[in-house]
Amino acid sequence: MNRILALFCLIVLSGSTAPAATADGQTPPSPRQRLSINDGWRFSMDDPSGWEGKILYDVRPELEGVVNDAIPADTAATEAVEVEAGNVEVLKPWILPSGNAFIADPDQRHQRPAGNPMPDIPYIQGDFDDRGWESVDLPHDWAITGPFFTGDEGVGGGMGRLPSPGIGWYRKSLYIPVEDTGRRIFLDVDGAMAYAMVWLNGELVGGWPYGYSSWRLDLTPFVDFGSDNQLAIRLDNPPESSRWYP
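Thresholds, definitions, all that
- Residues numbered from 1 in each chain as written.
- Predicted model: local features only at pLDDT ≥ 70, side-chain atom pairs only at ≥ 80, totals over all residues.
- Heavy atoms only, no water.
- Helix = DSSP H or I, 4+ residues; strand = E, 2+ residues; numbered from the N terminus.
- Buried < 20%, exposed > 50% of the residue type's maximum accessible area, 1.4 Å probe, protein only.
- Contact = heavy atoms within 4.5 Å.
- Areas by Shrake-Rupley, 256 points an atom, 1.4 Å probe, with all protein chains shown as cover.
- Phe/Tyr/Trp six-rings, centres within 6.5 Å; stacked < 30°, edge-to-face > 60°.
- Lys NZ or Arg CZ within 6 Å of the ring centre and 35° of its normal.
- Salt bridge = Lys/Arg side-chain N within 4 Å of Asp/Glu carboxyl O.
- Pairing = 2+ DSSP bridges.
- Axes fitted to C-alpha atoms, helices over the stretch in contact; angles between N-to-C directions.

### Concerning the overall build of the protein
For the protein, the count of helices and strands is 1 helix and 10 strands. Across the protein, helices and strands are ordered from the amino to the carboxyl terminus as β-β-β-α-β-β-β-β-β-β-β. Counting every position in the protein, which comprises 246 residues, the buried fraction comes to 41%. Within the protein, contacts between residues at least 6 apart in sequence are counted, and of these 77% link residues at least 24 apart. When the accessible area of the protein is evaluated, it comes to approximately 13800 Å², of which 52% is carbon and sulfur surface.

### Description of the packing of aromatic side chains
For the structure on display, the rule yields 11 aromatic pairs. Summarising the aromatic geometry, the rings of Tyr-57 and Tyr-195 are spaced 5.1 Å apart at their centres and angled 55 degrees between planes, so their arrangement reads as tilted. Pair noted here: Tyr-57 is in the loop between strand S3 (41-45) and helix H1 (92-95) and Tyr-195 is in the loop between strand S6 (184-189) and strand S7 (196-200), with a separation of 138 residues, a long-range link. When the ring centre of Phe-186 is taken as origin, the NZ or CZ atom of Arg-216, which lies over that ring, is 4.9 Å away.

### A closer look at the pattern of salt bridges
It is possible for side chains bearing opposite charge to pair when their charged atoms get close. By the definition in use, this model includes 8 salt bridges. The salt bridge partner of Arg-34 is Asp-188, with a shortest N-O separation of 3.4 Å. With Arg-34 in strand S2 (residues 33-36) and Asp-188 in strand S6, the pair connects residues that are 154 residues apart, well separated along the chain. Relative accessible area serves as the criterion here: at 11%, Asp-188 is assigned to the buried category. Asp-58 is the partner of Lys-92 in a salt bridge, and the nearest nitrogen-oxygen pair spans 3.3 Å. Of this pair, Lys-92 sits in helix H1 while Asp-58 is found in the loop between S3 and H1, placing the two residues 34 residues apart along the sequence. Assessed through its relative accessible area of 28%, Lys-92 is described here as partly exposed. On the basis of relative accessibility, which here comes to 24%, the residue Asp-58 falls in the partly exposed class. Residues participating in the shared-partner salt-bridge network are Arg-34, Asp-188 and Arg-216.

### Remarks on the sheet that holds strand S4 (residues 134-136)
One open sheet holds the 6 strands; their spatial order is S4-S3-S5-S10-S7-S8, and the pairing between them is antiparallel. Edge strands, defined here as strands with exactly one partner in the open sheet, are S4 and strand S8 (203-208). Put simply, the sheet's adjacent strands are angled 25 degrees from each other on average, direction ignored.

### Things to note about the environment of Val-59
Structurally, Val-59 can be placed in the loop between S3 and H1. Residue class for Val-59 comes out partly exposed when judged on its relative accessible area of 23%. Separated by 33 residues in sequence, Val-59 and Lys-92 place their C-alpha atoms 9.6 Å apart.

### Details of the pairing of S7
Burial analysis of S7 places 5 of its 5 residues in the buried class, which makes it a mostly covered element. The two faces of S7 match: Ala-196, Val-198 and Leu-200 on one face and Met-197 and Trp-199 on the other face are all buried. Two elements, S7 and S8, share 5 bridges in a ladder whose sense is antiparallel. Across the sheet, residue Met-197 finds its bridge partner in S8, namely Gly-207. If you look at the hairpin formed by S7 and S8, you'll find 2 residues sitting between the two strands, and Asn-201 has a positive phi there, around 55 degrees. With 4 bridges connecting them, S7 and strand S10 (residues 227-237) associate as antiparallel partners. Looking at S10, one finds that Val-198 is bridged to Ile-233.

Structural data, given as structure tokens:
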């Protein structure tokens, strides 16, 4: 399943070292606590009014030679096309450090730029009223409810004629007790398609562009202990992207 916002968990760590054995030789319980936060999300399609086309992971090349859904979904990929962003602000520099754990050479790891880009996006604000949004539990797939595409418009890549392309927002409030101060708080994601961006309390934490793998973000620097913390996640599945409905 790649078109869904899949399992989310909150990870609480009380320390980075393994617990020492007790006097009787028994190993004490692990300080790690894993909590599911799959329930009770709010969901809405599309970016807020006035922000359309402004929240970008990167600038993408124009689509050319688009095929219809009679072509198998696993046809050969096209050659990569480099596109200059120009003066357009993109969020990729804040997202790339999320993958540093997979880069063995420290000199090759990405440095997070200073500052918090686009802090005024309405949907990342703690006081934004999302009560009119749809209530969903994870995993969630906005395309599965249809409607099916008819004719040739919007169809491509063998995607079952379901409306998988688009932008979706997910919001959830998390209360993190003051007793957790000093612990490290992680967000684990089993899968999110695609170009996920994660904010906590209005700060861009990071994200993950690829929809077919799990990933983890360290929320700790952005947590307000002893208070409600607003989590906001944006997904952007571009046209002609993969989503296989068998």
